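# Analysis of the macromolecular model
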Amino acid sequence: MKKWTSYSTDIQKEKFDVIIIGSGMSGLTTAVLLAQHDLKVLVLEKHFKAGGFTHTFKRKNYEWDVGIHYIGEVHNQKSYARRLFDRITDAKLEWAKMDDNYDRIIFPDETYDFIAPKEKFIESLSALFPGEEKAIKSYVALLDSQVKSGRKYFASKLLPNWLGLFLSGTMTKQFFKNGSKTTKEVLKQLTQNEKLIGVLTGQWGDYGLPPARSSFAMHAMVARHYLDGGNYPVGGSRMIAEYATDVIESLGGRIVVNGAVNEIIVKGNNALGVRMDNGDEIFAKKVVSSAGMMNTVNTFLKNTGHTSQFKSKMKKIQPTNSYVCLYMGLKQSAKELGFNTTNLWIYPGYDHDQNIANYMKDPNSEFPVVYVSFPSAKDPVWEKNHPGCATMEAITLAHWDEYRFWEKKPWKNRGESYENQKESISKKILDVVYAHVPQAKAAMDYYELSTPLSVRDMAHYPAGEMYGLDHTVERFKQKWLRPKTDIKNLFLTGQDVTTVGLTSALFSGMLTASAILKKNLLKSL
Ligand SMILES: Cc1cc2nc3c(=O)[nH]c(=O)nc-3n(C[C@H](O)[C@H](O)[C@H](O)COP(=O)(O)OP(=O)(O)OC[C@H]3O[C@@H](n4cnc5c(N)ncnc54)[C@H](O)[C@@H]3O)c2cc1C
């Protein structure tokens, strides 16, 4: 496990071309690509580990990823995603392909398997929905065309403002044909079978919004991403930041943890550097924020007089909901427990919007979703590194308001009532887990629940947001969610610029590096 370098006040004496706030997938990608173009970069990370949502944590002999369960496309060596991952990790990062049955969608009356590749997906679902084969084929074709149209949509984010006025409409026309509709609206054009719609949208948790609220563009990107199967980073998700950091450092860049940025220093309309929580000031030719729009506008720019220009735009978008995750450690190996790599999505009914509405109205009602992942079964080197034990994770929605009561209490010391709340949610999740994975019960050795407050304190999303900004139709229309801001030398990157997802954050880093270098780096892949 890598030992990270902590922030030290001496860094102020060094000279940097670019300061990058945040060391998640997007910040790391931006840093590597700029360092590869001879720019001296400094990555400042607030947490005590680098990697953002790719970091892991340990308890006893167990280790869990916090924000990665499966990644599509990277098993194809020629895919852009794989080539970009190879570039930023010096091809050291390896991927383990999951079972072809990557997701299992479970309802009280029936279970449906998503099986790769897409021909199998169509075949297996058509067998379960007689008479719907045509609709399922049209659906898969629509995923393809929607994702294809996304290339121009994302490329339009690189256009200078003046050129965007002329070209953006043409470049995004195809994308918005269905991207300006909700997932539900588009699926309703293909089928009236509500059960089929419930199944096809059974991965809504991957992007955080149910069918009647999400843009079809977002749904298509996620569903299409996994159609050819899922993969897991060998050694766990922390390997991503470890390898990328080696590349950054080998090129003369710096990456430091415990380095909390308090604000971006802006003079007139020019970003000059950052002020740290301890008051230190570090200057650079350019500043990139990968810490999300909420942090960037409400914290980093709060004293600059530039918030008002963002604030009216921010009314069109909102942060995603939060979540709780139960991290489980089991005292037998994944093999002994008969675990395989298929993720489980457990639902109380086919209408996902209704499931959420019911839960939001009454938190004592059934969870609207429980997602269960088996990371130790996905990792081929787990047994070597952690012999004789296994891990599981189970995630469900949570509302920030339910945890507001403890928001001022410090990490690890939030008192008995907080621990009681955690225990009662943990027990409720365990009941669902044991109903579907009964062999886990006797082997359960350890469990710990993360809450929206953990997400705030470890990943630094102010309301414990799971995925940054909500992926509504309106969000995709916000042209200002792009790398270049109206403040000179201030750039954005990350999931709020593109969309949620590891590869999406990876590509946002490439977009931002392209904007800074004034060179389309995608061409170099
Ligand atoms: C529970 C969960 C499961 C997920 N599962 C998957 C999955 O299976 N597959 C997939 O593709 N995607 C998954 N995702 C989504 C994916 O992890 C994210 O979309 C992606 O990692 C976001 O990367 P990012 O660089 O935009 O942001 P982040 O990783 O959030 O990085 C932002 C960084 O900025 C830092 N920061 C914030 N404030 C400051 C400050 N003041 N000073 C310095 N640094 C600061 C943060 O600490 C953080 O390290 C999941 C997400 C979650 C939450």
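Above this note sits the structure.
Since the structure is predicted, the reported quantities are computational estimates derived from the model, not experimental observations.

## Thoughts on helix α18 (residues 452-459)
α18 sits mainly inside the fold: six of its eight residues count as buried. Within α18 the residues assigned to the buried category are Pro452, Leu453, Ser454, Val455, Arg456 and Met458. Elements in contact with the buried residues of α18: β14 (322-330), β17 (390-398), α16 (416-436) and β18 (444-450). Just downstream of α18 lies histidine 460, where phi reads positive at about 65°.

## A few points about helix α2 (residues 80-89)
Burial analysis of α2 places seven of its ten residues in the buried class, the great majority of the element. All of the buried residues in α2 are Ala81, Arg82, Leu84, Phe85, Asp86, Ile88 and Thr89. Against the buried residues of α2 lie α1 (25-35), β6 (95-97), α9 (238-250) and α20 (502-517). Once α2 ends, the next one or two residues include aspartate 90, with phi positive near 55°.

## A word on a nonpolar patch on the surface
On the surface, a nonpolar cluster with roughly 520 Å² of combined accessible area is contributed by Trp162, Leu165, Phe166 and Leu167. On the secondary structure map, tryptophan 162 appears in helix α5 (residues 161-179).

## Brief notes about the environment of lysine 60
With respect to the helices and strands, lysine 60 occurs in the loop between β3 (56-59) and β4 (62-65). Relative accessible area serves as the criterion here: at 56%, lysine 60 is assigned to the exposed category. Each C-alpha atom, one on lysine 60 and one on serine 23, is 26 Å from the other, the two residues being 37 residues apart in sequence. Among the polar contacts listed, one links the side chain of lysine 60 to the side chain of aspartate 445, at a separation of 3.1 Å.

## Some words on the sheet that holds strand β15 (residues 343-346)
Across the sheet, which stays open at both edges, the seven strands sit in the order β8-β7-β15-β16-β17-β14-β18 with mixed pairing between neighbours. The strands lining the two open edges of the sheet, one partner per strand, are β8 (111-115) and β18. Averaged over neighbouring strand pairs, the angle between their axes works out to 15° when direction is ignored. Pairing of β14 with β17, which is carried by nine bridges, proceeds in the antiparallel orientation. Residue pairing in the sheet places glycine 329 in a bridge with threonine 391 of β17. Where helix α3 (residues 118-128) meets the sheet, its contacts fall on β7 (101-106) and β8, and the angle it forms with β8 comes to roughly 160°. In the packing of α18 onto the sheet, contacts are made with β14, β17 and β18, and the angle to β14 comes to roughly 90°.

## Overview of the site of the ligand
In the vicinity of the ligand, 38 residues are found, and the nearest of them are Ser26, Glu45, His69, Tyr461 and Gln495. With respect to the ligand, the backbone of methionine 25 contributes an N or O atom lying 3.3 Å from an oxygen atom. Within the side chain of glutamine 495, a nitrogen or oxygen atom sits 2.6 Å from an oxygen atom of the ligand. Taken by itself the ligand offers 1000 Å² of open surface, and the protein chains cover 97% of this.

## Focus on the packing of aromatic side chains
Counted according to the given criterion, the structure contains 30 aromatic pairs. Plain terms: the ring middles of phenylalanine 107 and tyrosine 347 are 5.6 Å apart, the flat faces sit at 25° to each other, and that makes the pair stacked. With a gap of 240 residues between them, phenylalanine 107 in the loop between β7 and β8 and tyrosine 347 in the loop between β15 and α13 (352-361) connect regions that are remote in the sequence. Residue tyrosine 347 is classed as buried on the basis of its relative accessible area of 3%. The interplanar angle of 15° and the centroid separation of 3.8 Å between the aromatic rings of phenylalanine 107 and tyrosine 350 together place this pair among those described as stacked. With phenylalanine 107 in the loop between β7 and β8 and tyrosine 350 in the loop between β15 and α13, this pair connects stretches of sequence that are 243 residues apart. When its relative accessible area of 4% is taken as the criterion, phenylalanine 107 is described as buried. Taking relative accessible area as the criterion, tyrosine 350 reaches 16% and is therefore assigned buried. An aromatic cluster of three or more residues is present, and its members are Phe57, Tyr62, Trp64, Tyr327 and Tyr446. The ring of phenylalanine 310 carries lysine 313 above its face, with NZ or CZ at 5.7 Å from the centroid.

## As for the sheet that holds β6
Strand pairs in the sheet, formed through backbone hydrogen bonds, run parallel or antiparallel to each other. What the three strands build is an open sheet, ordered β5-β9-β6; its pairing is antiparallel. Sheet topology places β5 (71-72) and β6 at the edges, where each strand pairs with a single neighbour. Taken together, the three bridges between β6 and strand β9 (residues 230-233) define a ladder with antiparallel strand orientation. Across the sheet, the residue bridging to alanine 96 is tyrosine 232, located in β9.

## Observations concerning unusual backbone geometry
Cis rather than trans, the peptide bond between alanine 116 and proline 117 has omega equal to -5°. With respect to the helices and strands, proline 117 occurs in the loop between β8 and α3. A positive phi angle, near 60°, is found at alanine 91, a position not held by glycine. Within the element layout of this structure, alanine 91 appears in the loop between α2 and β6. Positive phi, close to 65°, is recorded for histidine 460, a residue that is not glycine. With respect to the element layout, histidine 460 can be found in the loop between α18 and α19 (473-476).

## A word on the nonpolar core
Within the largest apolar cluster, 63 residues are counted, with the highest numbers of intra-cluster contacts made by Tyr102, Tyr112, Phe121, Leu125, Tyr139, Val199 and Met221. When sequence neighbours within four positions are dropped, the list of residues in contact with valine 199 reads Ile105, Phe107, Tyr112, Phe114, Leu125, Phe129 and Tyr350. If you look at the next biggest cluster of nonpolar residues, it comprises 41 residues, including Ala31, Leu34, Ile248 and Leu502.

## Focus on empty space enclosed by the protein
For the coordinates displayed, the defined rule picks out two cavities of 30 Å³ or more. Taken as a whole, the largest cavity holds about 80 Å³ of empty space. Lining of the largest cavity is provided by Thr56, Glu63, Trp64, Asp65, Tyr232, Gly235, Gly236, Arg238, Pro375, Asp379, Trp382 and His386. Considering each element in turn, the lining of the largest cavity owes the most residues, three residues, to β4. Split into classes, the residues belonging to the lining of the largest cavity amount to four nonpolar, four polar and four charged. No fewer than three residues from each of domain 1 (9-57 + 234-317 + 470-524) and domain 3 (321-339 + 374-459) sit in the lining of the largest cavity. Its boundaries defined by the atoms lining it, the second largest cavity holds a volume of some 40 Å³. Lining the second largest cavity we find Ala291, Gly292, Met293, Met294, Asn295, Tyr461, Pro462, Glu465, Gly468, Leu469 and Asp496.

Analysis parameters
Residues numbered from 1 in each chain as written. Predicted model: local features only at pLDDT ≥ 70, side-chain atom pairs only at ≥ 80, totals over all residues. Heavy atoms only, no water. Buried < 20%, exposed > 50% of the residue type's maximum accessible area, 1.4 Å probe, protein only. Helix = DSSP H or I, 4+ residues; strand = E, 2+ residues; numbered from the N terminus. Contact = heavy atoms within 4.5 Å. Patch = residues over 30% accessible without salt bridge, like charges linked within 9 Å, V, L, I, M, F, W, Y side chains within 5 Å. Areas by Shrake-Rupley, 256 points an atom, 1.4 Å probe, with all protein chains shown as cover. Salt bridge = Lys/Arg side-chain N within 4 Å of Asp/Glu carboxyl O. Polar contact = N/O pair within 3.5 Å; in protein donor to acceptor, adjacent residues only side chain to side chain. Pairing = 2+ DSSP bridges. Axes fitted to C-alpha atoms, helices over the stretch in contact; angles between N-to-C directions. Near = heavy atom within 4 Å. Phe/Tyr/Trp six-rings, centres within 6.5 Å; stacked < 30°, edge-to-face > 60°. Lys NZ or Arg CZ within 6 Å of the ring centre and 35° of its normal. Core = buried A, V, L, I, M, F, W, Y, C linked by side-chain atoms within 4.5 Å. 1 Å grid on protein atoms, 1.4 Å probe; cavity = no way out; pocket = protein on both sides within 12 Å on 5 of 7 lines; lining within 4 Å. Points joined across faces, edges and corners; volume = space filled by probe spheres on them. Nonpolar A, V, L, I, M, F, W, Y, C, P; charged D, E, K, R; others polar. Domains from an automatic or database assignment.

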